[in-house]
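# A structural walkthrough
This is what each chain is made of:
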Amino acid sequence: MGKIKCIGILTSGGDAPGMNAAIRAVTRSAIFNGLKVKGIYRGYKGLVTNEIVEFKSQNVSNIIQQGGTILKTARCKEFTTPEGRKAAYENMKAQEIDALIVIGGDGSLTGARIFAEEYDVPCIGLPGTIDNDLYGTDTTIGYDTALNTIMECIDKIRDTATSHERLFFVEVMGRDAGFLALNGAIASGAEAAIIPEFETEVDQLEEFIKNGFRKSKNSSIVLVAESELTGGAMHYAERVKNEYPQYDVRVTILGHLQRGGSPTAHDRILASRLGAASIEALMEGQRNVMIGIHHDNIVYVPFSKAIKNDKPIDRDLVNVLRELSI
Ligand code: ADP
């Protein structure tokens, strides 16, 4: 592998607030270190179809505060096939891109890992997902902003829940991870969180009812992580209607508004640090790692570890939620 002179950068999979701050950081840090930068549009799709543009410092001006991604994002079926990845590699070579920085979730980093192994291309991943489900980093880019959005929404829902003395199930994102639901519940003073991690351990609805709903309160908010494992908020509302018909139950699904908005200071700083660290890592000769932050230090996490999908939930948080919701 020769010296890296030009990097390509792409955002892939679900968008997350702070991706733009990461694009800015990677671009500026690369240019600062004498590298050329090419922006690849629509994730792996742009690599397959050659939608690639040279980025100068000005291309990333005035974007740190914007949600979404100026590079756009997409899901790309072709890239999951050997033919698609071959086309991507040929475009990369024709564009004289020596290394890739991929900002995305576990699917995107899985793609990067396979591509890197197949074509011996240096790839560095940045954790960009609101779900916080990548192992090896304390938080992912977008998670803190989504958490704040959830908190603000629940503050509003609480006004209605209290006035009407209702039980609200609020469905939040997170795929098969309960971080948004659990920490969203703590941040908004909700009564409980139903998360995929505990789905096989206990009947979470029964626990919640048993632990005190209606002992000291007339209204309640329960966050439910969207997941095939939990069945989502509708599933739990149906169960309450059947099993506890005395309760007045309502459902709110927060949906895509959790993905949008201007990133918080935390996400902007995280994205800036990770972006700068990705260039440093490349120049140190690192490859096929995700850059993360653990205990406020930059860490390099091999792709195989980051995407293993077993980032543990801190069980102390569950106890905190339980204690504080009496
Ligand atoms: P996220 O990165 O948010 O988890 P996806 O799971 O949708 O999002 O993955 C984004 C893209 O990454 C996919 O559309 C595909 O192009 C690529 N990708 C995902 N899994 C693989 C795989 N096993 N092999 C190659 N590419 C993959």
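The residue numbers shown here count from 1 along each chain, following its written sequence. In keeping with the model being predicted, local features are shown solely for residues with a pLDDT of at least 70 and side-chain atom pairs are shown and tallied solely at 80 or more, while totals for entire chains, interfaces and linings include all residues. Only hydrogens and water are set aside; all other atoms, that is, all heavy atoms of the structure, feed into the side-chain values.

## Remarks on the overall build of the protein
We count it as follows: A run of H or I in DSSP becomes a helix once it reaches four residues, and a run of E becomes a strand once it reaches two; helices and strands are each numbered from the N terminus. In this description the radius of gyration comes from C-alpha coordinates, and the expected globular size is given by 2.2 Å times residues to the power 0.38. Three exposure classes are used, based on accessible area relative to the maximum for each residue type with a 1.4 Å probe and protein chains only: buried under 20%, partly exposed in between, and exposed over 50%. Note on definitions: a residue-residue contact is assigned when non-hydrogen atoms from the two residues lie within 4.5 Å. All accessibility values rest on the Shrake-Rupley procedure with a 1.4 Å probe; residue burial counts only the protein chains present in the view. For the charge count, each Lys or Arg is scored as positive and each Asp or Glu as negative, with His and the chain ends excluded. Note that the charge is assigned to NZ on lysines, CZ on arginines, CG on aspartates and CD on glutamates.
Check the secondary structure of the protein and you find 11 helices and 11 strands. Taking 20 Å as the expected radius of gyration for a compact globule of 326 residues, we find that the protein reaches 21 Å, a close match to that expectation. Along the first, second and third principal axes, the C-alpha set of the protein runs to 70 × 35 × 30 Å. Expressed as a percentage of its 326 residues, the buried residues of the protein come to 53%. Taking contacts inside the protein between residues at least 6 apart in sequence as the whole, the part at least 24 apart equals 75%. As displayed, the protein has an accessible area near 14,300 Å², and 50% of this comes from carbon and sulfur atoms. Of the side chains in the protein, 36 bear a positive and 42 a negative charge, and the two mean positions are spaced by 5 Å.

## Details of the nonpolar core
As a reminder, the rule being used: Among buried residues, those of type Ala, Val, Leu, Ile, Met, Phe, Trp, Tyr and Cys that are joined through side-chain atoms within 4.5 Å constitute a nonpolar core. What fixes the domain bounds is an automatic or database domain assignment.
If you look at the biggest cluster of nonpolar residues, it comprises 62 residues, and the most contacted ones within it are Ile 7, Leu 180, Ile 221 and Leu 223. Broken down by element, this core gets its largest block of residues, 8 residues, from helix 5 (residues 143–164). Two domains each provide a minimum of three residues to this core, namely domain 1 (6–142 + 263–308) and domain 2 (143–260). Apart from the residues within four sequence positions on either side, Leu 180 is in contact with Ile 130, Asp 131, Tyr 143, Ala 146, Leu 147, Ile 150, Val 172, Met 173, Gly 174, Ala 185 and Leu 223. In this structure, Leu 109, Leu 134, Val 301 and Ala 306 belong to the second largest nonpolar core, which totals 26 residues.

## Side note on the domain arrangement of the protein
Rule in force here: Throughout, buried area stands for the accessible area (probe radius 1.4 Å) lost by two parts on being put together, summed over both. Any carboxyl oxygen of Asp or Glu that lies within 4 Å of a side-chain nitrogen of Lys or Arg is treated as forming a salt bridge with it. Polar contacts, as used here, are pairs of N or O atoms within 3.5 Å; protein pairs need one atom able to donate a hydrogen and one able to accept it. Residues neighboring in sequence count only if both atoms are side-chain atoms. Polarity classes work like this: nonpolar for Ala, Val, Leu, Ile, Met, Phe, Trp, Tyr, Cys and Pro, charged for Asp, Glu, Lys and Arg, and polar for all others, with Gly in that last group.
For the protein, the assigned domains are domain 1 (6–142 + 263–308) and domain 2 (143–260). Here the C-alpha centroids of domain 1 and domain 2 sit 33 Å apart. Contacts between domain 1 and domain 2 engage 17 residues on the former and 14 residues on the latter. A combined buried area of about 1,300 Å² lies between domain 1 and domain 2, and 52% of that area is made up of carbon and sulfur atoms. Of all residues in domain 1, Ile 130, Asp 131 and Asn 132 bury the most surface against domain 2, accounting for 41% of the area lost on that side. At the boundary of domain 1 with domain 2, the tally comes to 3 salt bridges. For Arg 259, the salt bridge identified is with Asp 15, shortest N-O distance 3.3 Å. Counting the contacts that link domain 1 with domain 2 gives 11 residue pairs in polar contact (both at pLDDT 80 or more). A class-by-class count of the residues in the side of domain 1 that touches domain 2 yields 4 nonpolar, 8 polar and 5 charged.

## Concerning the environment of Ile 253
Within the secondary structure, Ile 253 sits in strand 9 (residues 249–253). A relative accessible area of 47% means that Ile 253 is categorised as partly exposed. Considered as a pair, Ile 253 and Ile 209 are 44 residues apart in the sequence and their alpha carbons are 21 Å apart. Excluding residues within four positions of it along the chain, Ile 253 makes contact with Glu 171 and Met 234.

## A look at the site of the ligand
Inclusion rule: One heavy atom within 4 Å of a molecule or strand makes the whole residue count as near it.
In the neighbourhood of the ligand, 17 residues make up the surrounding shell, with Arg 75, Cys 76, Gly 107, Ser 108 and Arg 175 lying closest. Side-chain polar atom of Asp 106 to an oxygen atom of the ligand: 3.0 Å apart, as the coordinates give it. Burial of the ligand by the surrounding chains reaches 81%, relative to a free accessible area of 560 Å². Looking at the shell around the ligand residue by residue, the class counts come to 4 nonpolar, 9 polar and 4 charged.

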